[in-house]
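Descriptive analysis of the structure
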Amino acid sequence: MSEAELPLTDMTAEECLAMADSYAVDENWDEALTVYTAALTIWHTNTAVKFRILSHRSNCFYQLGNYESAQEDAHEATQLLSSSVAGLRPGESEVAWKRQGLAAFQANKFADAKQAFESAAQLASLNQRDGKSYRDWIQKCDTKLNPPAIAPSPATTDEPLKAQTAPTSAPVSLRSATKAAIVAAPRYQYYQSDKFMTISILEPNLNSEHVKVDFERQRLYVTIVKAGKEFQLIAGPLYDEIDPSESKIQYKPEKVLLKLRKVNEYEWKELMGNESKKGTASTTKSATQPKVRPYASPKDWGTIEKSIQAEEEKETPQGDDAMNKLFQQIYANADEDTRRAMIKSYQTSGGTVLSTNWDEVSKKDYEKERTAPKGMEWKTWEGDKVPMEED
């Protein structure tokens, strides 16, 4: 009996989740959706598992273009975070908020999307991760919520237009030849389950003659030949270890899939890692080959990045930056209960409260007992006043 024919009612929610994730890695979104839904129907008590099912099914709905359902699942998942959820992996909460924001944006719910991206950015900051991508999405939401005014067209005039000399340009044949000589670099994107990191190379009609992949335990090298030109698409250390023997390549008419089998089963925060974090046992090509530099750049960007990081560490932050750094240090050195208290108090209070006392925070409902700084009050997006504790 194949895996797809197993009776789902005889499986646990965790087993259904693992099966659905395997379908998602292969981009079999319809099958994945069916099994994710079955997993929810047989789920019992483990809140972390329910959170994971909802978050992963949200991504499945998103890939199928059902943005309303994707937002609903992600919203339900993030609502579980208002209470203590034991067993969540690092970065899972942030990913759920991100999925909610992306789905809401595609559903034209820009206010909801902005709020979700802000929550994801807060978690990224607490985890000392760069939240630039979230700030970019927040800016896009602001643009949608407050579109720029259209400048009035210039007034017409009765004066005749003066003749202008056309700029000198190259012959049409020369411009066409120059344009034809420019070959766009291949693009790729990635997504993941707990077991696999999947890289999708977005180039059609590729085969083994065009793609060279070198799987190593902690590094990945991908070279693409396109229109007679060779591109180094990926070269460097991965976020965590993979099993090269169980990693594989799949060629499809519209793209190429690289499936990296993770050694440690959890969601990576990103695809590529930091060389300094890898152990001395990792295999590298630096001992036998010159250092790989994308696009043959003469600059050693790794050294430049390290020097910039060293300068940033020497800087003494001031004002809000100093306060944010202090909160980051407290969060990084805190135990699990302290982190829960900080996340719940900050998010559910709308950023007006940051507490480290889990005993107090676990019993308090900041959304019902709202407070605001002196001289300010809570309002909805429509401008209606929201009841506060002082009322």
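Residues numbered from 1 in each chain as written. Predicted model: local features only at pLDDT ≥ 70, side-chain atom pairs only at ≥ 80, totals over all residues. Heavy atoms only, no water.

Bringing unusual backbone geometry into the picture now. In this model, Glu27 sits at a positive phi of 65°, which is unusual for a non-glycine residue. Looking at the secondary structure, you find Glu27 in the loop between helix H1 (13–25) and helix H2 (29–42). Positive phi values are uncommon outside glycine, yet Ala227 reaches one of about 50°. As for its position among the elements, Ala227 is in the loop between strand S4 (219–226) and strand S5 (229–237). (Helix = DSSP H or I, 4+ residues; strand = E, 2+ residues; numbered from the N terminus.)

Turning next to helix H3 (residues 47–63). Between the first and last C-alpha of H3 there are 25 Å, a value that for 17 residues agrees with the 24 Å anticipated at 1.5 Å per step. In terms of residue burial, H3 counts as a mostly covered element, since 14 of its 17 residues are buried. If you check the start of H3, you find a side-chain oxygen 3.0 Å away from the backbone N of Ala48, and it comes from Asn46. Once H3 ends, the next one or two residues include Gly65, with phi positive near 85°. (Expected span 1.5 Å × (residues − 1). Buried < 20%, exposed > 50% of the residue type's maximum accessible area, 1.4 Å probe, protein only. Polar contact = N/O pair within 3.5 Å; in protein donor to acceptor, adjacent residues only side chain to side chain.)

Another point: the sheet that holds strand S1 (residues 188–192). Pairing is antiparallel in the open sheet, where 4 strands are placed in the order S1-S2-S7-S6. Pairing within the sheet leaves two strands with one partner each, and these edge strands are S1 and strand S6 (248–252). Neighbour-to-neighbour, the strand axes of the sheet open up by a mean angle of 20°, direction not taken into account. Sheet topology places S1 next to strand S2 (residues 196–201); 5 bridges connect them, and they run antiparallel. Across the sheet, residue Tyr191 finds its bridge partner in S2, namely Thr198. (Pairing = 2+ DSSP bridges. Axes fitted to C-alpha atoms, helices over the stretch in contact; angles between N-to-C directions.)

Counting 49 residues, the largest nonpolar core has Tyr36, Ile53 and Phe117 as its most contacted members. Elements represented by at least two residues in this core include exactly H1, H2, H3, helix H4 (67–79), helix H5 (92–106), helix H6 (110–126), helix H7 (132–145) and helix H11 (336–348). Ranked by residue count, the leading element in this core is H6, at 9 residues. Here this core gathers at least three residues from each of two domains, domain 1 (13–145) and domain 3 (328–390). Not counting the four nearest positions on each side in its chain, Tyr36 is found in contact with Leu17, Ala20, Asp21, Ala24, Ile53, His56, Arg57 and Cys60. Membership of the second largest hydrophobic core comes to 20 residues, among which are Ile199, Leu233, Tyr266 and Trp268. (Core = buried A, V, L, I, M, F, W, Y, C linked by side-chain atoms within 4.5 Å. Domains from an automatic or database assignment. Contact = heavy atoms within 4.5 Å.)

All right, on to the packing of H5 against H7 then. Closest axis-to-axis distance for the H5/H7 pair is 12 Å, and the angle between their directions is 25°. Relative to H7, the element H5 is oriented roughly parallel. For the pair H5 and H7, the crossing hand works out as left-handed. Here Glu94, Lys98, Leu102 and Phe105 of H5 come into contact with H7, specifically with Tyr134, Trp137, Lys140, Cys141 and Lys144. Split into classes, the residues belonging to the contact of H5 with H7 amount to 5 nonpolar, no polar and 4 charged. (Parallel < 35°, antiparallel > 145°, perpendicular 65-115°, else oblique. Left-handed = near helix turned anticlockwise from the far one by under 90°. Nonpolar A, V, L, I, M, F, W, Y, C, P; charged D, E, K, R; others polar.)

For S2, a buried count of 6 out of 6 residues is recorded, marking the element as mostly surrounded by other parts of the structure. Covered by surrounding structure in S2 are Phe196, Thr198 and Ser200 together with Met197, Ile199 and Ile201, the residues of both alternating faces. By the bridge criterion, 6 bridges tie S2 to strand S7 (residues 255–261) in an arrangement that is antiparallel. Bridged to Ile201 within S7 is Val256.

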